[in-house]
Amino acid sequence: MSGFGSSDKSRHGSILADLHERGLIAQVSDQAGLEAHLASSSRVVYSGFDPTADSLQIGNLVPLLTLRRLQEAGHRPILLVGGATGLIGDPSDKNEERDLNLREVVAEWSESVRAQAARFLDFGGETGAVVVNNLDWTARLDVISFLRDIGKHFSVNAMTQREWVRSRLEGKGSGISYAEFSYTILQAMDFKQLAEQYGCTLQIGGSDQWGNIVSGVDLVRRTLGRKVFALTTPLATKADGTKFGKTQDGAVWLDGTKTSPYAFYQFLINTADQDVISLLGKLTFLTMEEIEAAREAVTEDPGSREAQRLLASEVTRLVHGEEGLLSARRITDALFSGSVESLTEVDFEQLALDGIDSTTIGAGAGLVAVMAQTPLARSRTAARRLVQSKAVRVNGQLMEDPEGELSRANARYGRYHLIRRGKKSWHLVAHG
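In this text, all values refer to a predicted model and were calculated from it rather than measured experimentally.

Peer 1: Would you mind going over unusual backbone geometry with me for this structure?
Peer 2: Note on backbone geometry: most residues besides glycine have negative phi, and most peptide bonds are trans. Positive phi outside glycine occurs at lysine 390, with the angle close to 60°. On the secondary structure map, lysine 390 appears in the loop between helix 19 (380-388) and strand 11 (392-394). The phi angle at asparagine 395 is positive, at roughly 50°, despite the residue not being glycine. Summarising the element assignment, asparagine 395 is placed in the loop between strand 11 and strand 12 (397-398).

Take a look at the structure:
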């Protein structure tokens, strides 16, 4: 990243226009006021991430990278980890009361999210990022002070008009507990705390956070007499309305030990034509001219998948680094060509994690017997015929002996056998 700490105010003014062009603005509390506010000086802006797991998901990149874009425009970002709000859980996108996680678990997740999210920001110079945890000021607040100093500024009548509150109250489920009802107040208190401590004047988040964010704007106005701003980004969804970042097997995680760089890359490569240009704007730092060129490629030659490869390369590099991208490309090329000699041990580990179907075997396993345990063959007889017809390769080598064994001695890195049936059917076998 470049340009941090510069006093050149001229570069502050274009950031909202850039966010709008990239499709990154859903709602703004006062667009004209915020435009002038950001253009006049370097500001402090924050976004919060609750630790609902030990890793962020790909959808979290939208607000996280928006925070980085604001930093690159000369503003100071605060990354807030919701160690306190994570103990309650944001109810705005839930139809039922969520299970509460143990304090120790939330604390561990908070540290994981803190370390992971911090990699996307710059911590040097005048606009160096700050990471905070809202448990630091919430844990020491007594109940009476919370009710008198914070709670009195919130109207229950107004809060019950929120769409998600009404749906929970009018639905057939369990309704809403006071704990979840208070989530909005806790998040609003974060904005007040950061406004007091750091002079923060802007909060960004997903569009489902609009009600919570404007509650913070109102609390800062009531308690500190200051004008602050709210900006939300669209939720990461596909053109058909379904949530972006979900697969048949679950979420696409930013943690490479939960979703491998290869699987991450493949998820993005498989993006639909109608979604890829929007995602290039939201998830990459390509110029709009480069994105427009990708749009033309989709229109003129959609079969080339040029835009998808660009998206997969840019985002995989951003999340997993150059080595993660090279590994993902190496695996992709090997499975397409059938030549597996270039695969490293780390590449095989990725395939075993989530790249292709895999099976663990013990010592002395025969090729035919193993194939019959996998989708490669329906029976030992079928497996034997496949071998005899020269349709089976193991680690790139043609197998002609049905009695052959899959031993550690002939395994890649002493453990892995990558079996290919025909040209496109693969299965990974690993010694336990």
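Peer 1: What am I meant to see in the packing of aromatic side chains here?
Peer 2: How two aromatic rings sit relative to each other is set out by the distance from centre to centre and by the angle between their planes. Following the criterion strictly, the structure yields four aromatic pairs and no others. Where phenylalanine 244 meets phenylalanine 267, the ring centres are 5.3 Å apart and the plane angle is 45°; that geometry is what we call tilted. Of this pair, phenylalanine 244 sits in the loop between strand 6 (229-233) and strand 7 (246-247) while phenylalanine 267 sits in helix 13 (residues 261-269), and the two are 23 residues apart along the sequence. Ring centres of phenylalanine 348 and tyrosine 416 lie 5.2 Å apart, and the angle between their planes is 10°; this geometry places the pair in the stacked category. Within this pair, whereas phenylalanine 348 is found in helix 17 (residues 345-355), its partner tyrosine 416 is found in strand 14 (residues 416-421), the two being separated by 68 residues in sequence. Taken together, Phe348, Tyr413 and Tyr416 form an aromatic cluster joined through their ring pairs. In this structure, arginine 68 is placed above the aromatic ring of phenylalanine 285, and the distance from its NZ or CZ to the ring centre is 4.4 Å. In this structure, arginine 69 packs its charged tip against the face of phenylalanine 285, placed 4.4 Å from the ring centre.

Peer 1: Is there a simple way to think about the sheet that holds strand 3 (residues 76-81) in this case?
Peer 2: Hydrogen bonds between backbone atoms are what pair the strands of a sheet, whose relative direction is either parallel or antiparallel. If you walk across this open sheet you meet the six strands as 1-6-5-2-3-4, and the pairing is mixed. Whereas interior strands pair on both sides, the edge strands pair on one side only; in this sheet they are strand 1 (27-28) and strand 4 (130-133). Two strands pair when backbone bridges link them, and strand 2 (residues 44-49) and strand 5 (residues 202-206) are joined in this way by two bridges, in the parallel orientation. The residue of strand 5 that forms the bridge with tyrosine 46 is glutamine 203. Packing against the sheet, helix 3 (residues 61-72) makes contact with strand 2, strand 3, strand 5 and strand 6, and its axis sits at approximately 165° to strand 2. Running at roughly 155° to strand 3, helix 5 (residues 103-118) makes contact with strand 2, strand 3 and strand 4 of the sheet.

Peer 1: So what exactly am I meant to see when it comes to helix 11 (residues 183-198) here?
Peer 2: Since one α-helical turn is 3.6 residues long, residues separated by three or four positions face the same way. With 16 residues, helix 11 extends 22 Å from end C-alpha to end C-alpha; this agrees with the ideal 22 Å at 1.5 Å per step. Buried residues dominate helix 11, accounting for 13 of its 16 residues. A positive phi of about 70° marks glycine 199, the residue just after helix 11.

Peer 1: How should the environment of valine 62 be read in this particular structure?
Peer 2: Mapped onto the elements, valine 62 comes out in helix 3. Look at valine 62 and you get buried, because its relative accessible area is 3%. For valine 62 and proline 234, which are 172 residues apart along the polypeptide, the C-alpha to C-alpha distance reads 8.3 Å. Beyond its immediate sequence surroundings of up to four residues, valine 62 is in contact with Leu24, Thr233, Pro234, Ala236 and Leu283.

Peer 1: Would you mind showing me how to read the pattern of salt bridges here?
Peer 2: Pairs can form between side chains of opposite charge whenever their charged atoms are close. Within the structure shown, the criterion is met by 16 salt bridges. Between glutamate 111 and arginine 114 there is a salt bridge, and its shortest N-O distance comes to 3.5 Å. Here arginine 114 and glutamate 111 lie together in helix 5, a separation of three residues that amounts to about one turn. Classification of arginine 114 as partly exposed rests on a relative accessible area of 23%. Among the salt bridges present, the one from arginine 317 reaches glutamate 314, with a minimum N-O distance of 3.5 Å. Taken as a pair, arginine 317 and glutamate 314 lie in helix 16 (residues 306-337) at a separation of three residues, close to a single helical turn.

Peer 1: So what exactly am I meant to see when it comes to the packing of helix 16 against helix 17 here?
Peer 2: At a minimum axis distance of 10 Å, the contact between helix 16 and helix 17 shows a crossing angle of 75°. By the angle between their axes, helix 16 is roughly perpendicular relative to helix 17. Across the interface between the two elements, Ser327, Arg330, Ile331 and Leu335 of helix 16 pack against Asp347, Gln350 and Leu351 of helix 17. Partitioned by chemical class, the residues of the contact of helix 16 with helix 17 number three nonpolar, two polar and two charged.

Peer 1: How should I be thinking about the sheet that holds strand 12 in this particular structure?
Peer 2: Spatially, five strands are ordered 9-15-14-11-12 in an open sheet, and the strand pairing comes out mixed. Only two strands of the sheet have a single neighbouring strand rather than two, namely strand 9 (358-361) and strand 12. As paired elements, strand 14 and strand 15 (residues 425-431) share six bridges and run antiparallel to each other. Bridged to histidine 417 within strand 15 is valine 429.

Peer 1: In this structure, what is going on with the pairing of strand 9? I would like to understand it.
Peer 2: Every other side chain in a regular strand lies on the same face of the sheet, so the side chains alternate between the two faces. Here strand 9 shows one buried face, formed by Thr359 and Ile361, and one open face, formed by Ser358 and Thr360. Pairing of strand 9 with strand 15, which is carried by four bridges, proceeds in the parallel orientation. Residue pairing in the sheet places isoleucine 361 in a bridge with histidine 431 of strand 15.

Calculation criteria
- Residues numbered from 1 in each chain as written.
- Predicted model: local features only at pLDDT ≥ 70, side-chain atom pairs only at ≥ 80, totals over all residues.
- Heavy atoms only, no water.
- Helix = DSSP H or I, 4+ residues; strand = E, 2+ residues; numbered from the N terminus.
- Phe/Tyr/Trp six-rings, centres within 6.5 Å; stacked < 30°, edge-to-face > 60°.
- Lys NZ or Arg CZ within 6 Å of the ring centre and 35° of its normal.
- Pairing = 2+ DSSP bridges.
- Contact = heavy atoms within 4.5 Å.
- Axes fitted to C-alpha atoms, helices over the stretch in contact; angles between N-to-C directions.
- Expected span 1.5 Å × (residues − 1).
- Buried < 20%, exposed > 50% of the residue type's maximum accessible area, 1.4 Å probe, protein only.
- Salt bridge = Lys/Arg side-chain N within 4 Å of Asp/Glu carboxyl O.
- Parallel < 35°, antiparallel > 145°, perpendicular 65-115°, else oblique.
- Nonpolar A, V, L, I, M, F, W, Y, C, P; charged D, E, K, R; others polar.

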